[in-house]
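Take a look at the letters that make up each chain.
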Amino acid sequence: MPIDDRDDEARHVNRLDAASTGDIVQARDVHGGVHIHRSETAFAVTPSQLPGDVRGFVNRHTELAILTSAAGVQPDDPHAAAVTVITGTAGVGKTSLALHWAHRVRDRFPDGQLYVNLRGYDPGEPAVPDEVLDRFLRDLGVPATAIPVRLDERASLYRSLLAARHMLVVLDNAATAGQIRPLLPGTASSLVLVTSRSRLSGLVARDGAYRLGLDILLEEDAVALLGTLTARYRGQDQRHELVELAQLCARLPLALRIAAERAASRPMMRLDELIADLRDESGLWDALTAEGDADADAVRTVFAWSYRALPEPAARLFRLLGLHPGNEFGLPAAAALAGISVAQARQQLDVLVGAHLLEQPAPGRYEFHDLLRAYAVDQVHHLETLDAQAEVRQRILNWYLHTVDAASTRITVFDRYELTQAIPTDVAPLAFDNHETALRWYQTESRNLVLATRAAAEAGLHSIAWRLAAVLRGIYIHQNAFDDWLATSTIGVDSAEQDGDHAGQAEALESLGRAYFQSRRLDEAETSHRGALAIRQSLGDRFGEAVSLNTLGLIGLRRRRLDDARTFFEQAGAIFRDLGDRRWEALMRSNLAEALCEVQQPQAAADTLIEAVAVFRELGDRASEGNALFHLSWAQRELGDHAAARAYIDQALRIAEDKENQVWQAHWLVELGTVQRAAGQPADALVSYQRAAVIQRQLGDRSREAFAQDGAGQAYEEMGRADDAADFYRTAAATHRDLNDRWNLAQTLHHLGRATGDTGAWQQARDLLGDFDDPRATALRRLLTEALRDR
């Protein structure tokens, strides 16, 4: 018995996953040959992320030659990464050597350079591979919406992007091999340069890394470095004095540079007097500490010597910066933290940069060396009262809260949490003129916002912590920054509970639930949203209750529990109607229409969508309008009005084009292809599916790419090319199986059996359909059962 159910299409799956290279359909023209073409991932960004080279770099000629030699040796295994590790004690100049060499050879890596400080020994949290891969993938041009959730999938996409590239990847300040391994390319065409205080023996033994141990400078080189850095500012210092100064600095480049800066800034002071000061500082430090590492003691002595020479305003800013949530920050944040003007902060930061107590990696951005940050933390705990520390901490955290709130008003119009907290009188948050400047600020500060949320919770400032999580939700919804989203939301849930704020608990649970939902962790999403719903119902929060009901309806759709989904949407819509919230009521109409289409009630869906589209147009909500038009096309197509369906999907695609939104465009192109097939235009449909597949490949959305591949298979089948159709069905089925998408796997296996006569595919499809009891699933299961019986 033939089975022809070709209008069954998967509609809405938000799974974002890594794309792998594979065959996709390509049509050279509508009337000519249509064939398989190998597609390459099309991210074209060439990053150039190396921090600036080091001024006054001296010697290390042997080490530079070794690095160059090691970089020219290919691993025995062509599928292994080429890795070099520079190891040595703190302050010995590992980063300086790595960057100096990297700048010398950067032309050998025409596809760019990636750099990250892994913060392995920072007083705060070290960088984790998930976080670094998220950043690297964005830097390589992967849209935020296309970055996979799981670490292994991110690493796979990263390796795919680097496979045919010649890139230099600098992983600075690593603590463990576990931080490094997911960041290694899969081939030797790129080079990885690692710096670490650890010997990383596992990386050497297991991954074939070459290790270069870096020792303190030779006396001659240490003296040369001091001379190079001070020559323009001082007269002829005696060599024996430079030798003694080098010895007091343990011949460590970090300490030598700080000491040289102090000497250069006091050209009229004799060097032996400066040395006496440093010797006195060293004696004081020796008296205050037990026996320890001599190199570390020398470095700390130089820190104290330089710090005590600072003007008091700069010294206080230095130690207060130890309370900043992260080791890197911007000028406005420094001013906010210290409670001073931006002009004052800039002047004092210039003093700290000049003294080599801070680094300035980019205009307006500043960064601590981890040793110096630890020293700043120590000083602020010793020299500032607990009340003063609490005041500073609360001021900077409130500044982040109200500044990200200001950014969210520009980044997202409809999905933001309304912060009702008054701005404290001692806080002056930033303001943003447009979406671009607000988004740029968020992207620059994204890590600090996570750290601020965590710092607020650890300091017992729970009302700030959960509100930060709630405000960030509106931004994360559109960025798919799942790691940050889950981290802040989890903190937010706990902080709201600690704060005793039930409404806050519901907001935090909603944020956590939406993060789980968009990352396809549906069990956890449902638990979170049911928790939020219970709280809102107990509080009599009707609006919040309806929002929670809507999200539970969306979860029902994803799980194909269509009766549950419809009930939730109807309940939510009734509440929004009572509240007079026209936008949310229209959203419920659009979501309900999707459920109605799935249960084969297209006329009811079309009727409710017409009203929703009108409301979205009136309110200027283009995203929701486009999605409603997409559903309206689906409804009209199932009603047999192909002309109306085409008109609606064309309108939706114009919105996607106007907004330059590839996520919408790729998703809606599949519906265009299905409309074209319904109108008897399979060759045109093939082009639409091809465009959708290419974009989804670039976005990394494997699930929706599989929908496009399945559509291409149906177009091929209708063109009488069953073998080509079967190839695409098998590719799509493999993806659905890999993603455990049982409903769409059943659809594709049905199509595969139809194209090939493979009863095994039909048997698998029928078994999978046993999980579903909606009318569409029941009808298809019955058809398959009859077909198998007739065979």
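Residues numbered from 1 in each chain as written. Predicted model: local features only at pLDDT ≥ 70, side-chain atom pairs only at ≥ 80, totals over all residues. Heavy atoms only, no water.

Student: Outline the pairing of strand β5 (residues 168–174), supporting the account with residue identities and numerical values.
Tutor: When you tally the buried positions in β5, you get seven out of seven residues, the bulk of the element. Alignment of strand β4 (residues 113–117) against β5, held across five bridges, turns out to be parallel. The residue bridging Tyr115 from the neighbouring strand is Val170, located in β5. Looking at chain direction, β5 and strand β6 (residues 191–196) are connected through five bridges and run parallel. Residue pairing in the sheet places Leu171 in a bridge with Val194 of β6. (Buried < 20%, exposed > 50% of the residue type's maximum accessible area, 1.4 Å probe, protein only. Helix = DSSP H or I, 4+ residues; strand = E, 2+ residues; numbered from the N terminus. Pairing = 2+ DSSP bridges.)

Student: Let's hear about helix α26 (residues 622–639): which residues, and what values?
Tutor: Between the first and last C-alpha of α26 there are 25 Å, a value that for 18 residues agrees with the 26 Å anticipated at 1.5 Å per step. Directly after α26, the chain includes Gly640, whose backbone phi takes a positive value near 90°. (Expected span 1.5 Å × (residues − 1).)

Student: Let's hear about the pattern of salt bridges: which residues, and what values?
Tutor: This structure, assessed with the given rule, holds 58 salt bridges. One salt bridge in this structure joins Arg447 and Glu131, with 3.7 Å as the shortest N-O distance. Remark: Glu131 occurs in helix α3 (residues 129–139) and Arg447 occurs in helix α17 (residues 435–458); sequence separation between them is 316 residues. Accessibility expressed as a relative area gives 27% for Glu131, which makes it partly exposed. (Salt bridge = Lys/Arg side-chain N within 4 Å of Asp/Glu carboxyl O.)

Student: So what's going on with helix α27 (residues 642–658)? Which residues, and what values?
Tutor: The periodicity of an α-helix, 3.6 residues per turn, causes residues three or four positions apart to be oriented the same way. Taking 1.5 Å per residue as the helical rise, α27 with its 17 residues ought to reach 24 Å, and the 24 Å between its terminal C-alpha atoms agrees with that figure. For α27, the full list of buried residues reads Ala644, Ala645, Tyr648, Ile649, Ala652, Leu653, Ile655 and Ala656. Each element contacted by the buried residues of α27 is listed here: α25 (602–619), α26 and α28 (662–678). Two residues or fewer after α27 comes Glu660, characterised by a positive phi angle close to 50°. (Contact = heavy atoms within 4.5 Å.)

Student: Quick one: what's the story with the pairing of β6, residue by residue and with numbers?
Tutor: Side-chain direction in a regular strand flips from residue to residue, so the side chains alternate between the two faces of the sheet. Burial of β6 is extensive: six of the six residues sit out of reach of the surface. Relative to β6, strand β3 (residues 82–87) runs parallel, the two sharing six bridges. Residue Val85 lies in a different strand from β6, and its bridge partner there is Val194.

Student: Requested: an account of the packing of α28 against helix α29 (residues 682–699), with residues and values cited.
Tutor: Following both chains from N to C, one finds α28 and α29 inclined at 160°, their axes separated by 8 Å at the closest point. On the basis of their axis angle, the class for α28 and α29 is roughly antiparallel. Classified by chirality, the crossing of α29 by α28 is left-handed. Contacts from Gln662, Val663, Gln665, Ala666, His667, Leu669, Val670, Leu672, Gly673, Thr674, Gln676 and Arg677 of α28 reach α29 at Pro682, Asp684, Ala685, Ser688, Tyr689, Arg691, Ala692, Ile695, Gln696, Gln698 and Leu699. Residue classes in the contact of α28 with α29 are distributed as 11 nonpolar, nine polar and three charged. (Axes fitted to C-alpha atoms, helices over the stretch in contact; angles between N-to-C directions. Parallel < 35°, antiparallel > 145°, perpendicular 65-115°, else oblique. Left-handed = near helix turned anticlockwise from the far one by under 90°. Nonpolar A, V, L, I, M, F, W, Y, C, P; charged D, E, K, R; others polar.)

Student: Please provide a residue-by-residue account of the sheet that holds strand β7 (residues 210–213), values included.
Tutor: If you walk across this open sheet you meet the five strands as β4-β5-β6-β3-β7, and the pairing is parallel. Across the chains shown, the open sheet's two edge strands, defined by having one partner strand only, are β4 and β7. Neighbouring strand axes in the sheet, compared pairwise and without regard to direction, differ in orientation by 15° on average. Of the strands in this sheet, β4 and β5 touch α3, which is tilted by about 150° from β4.

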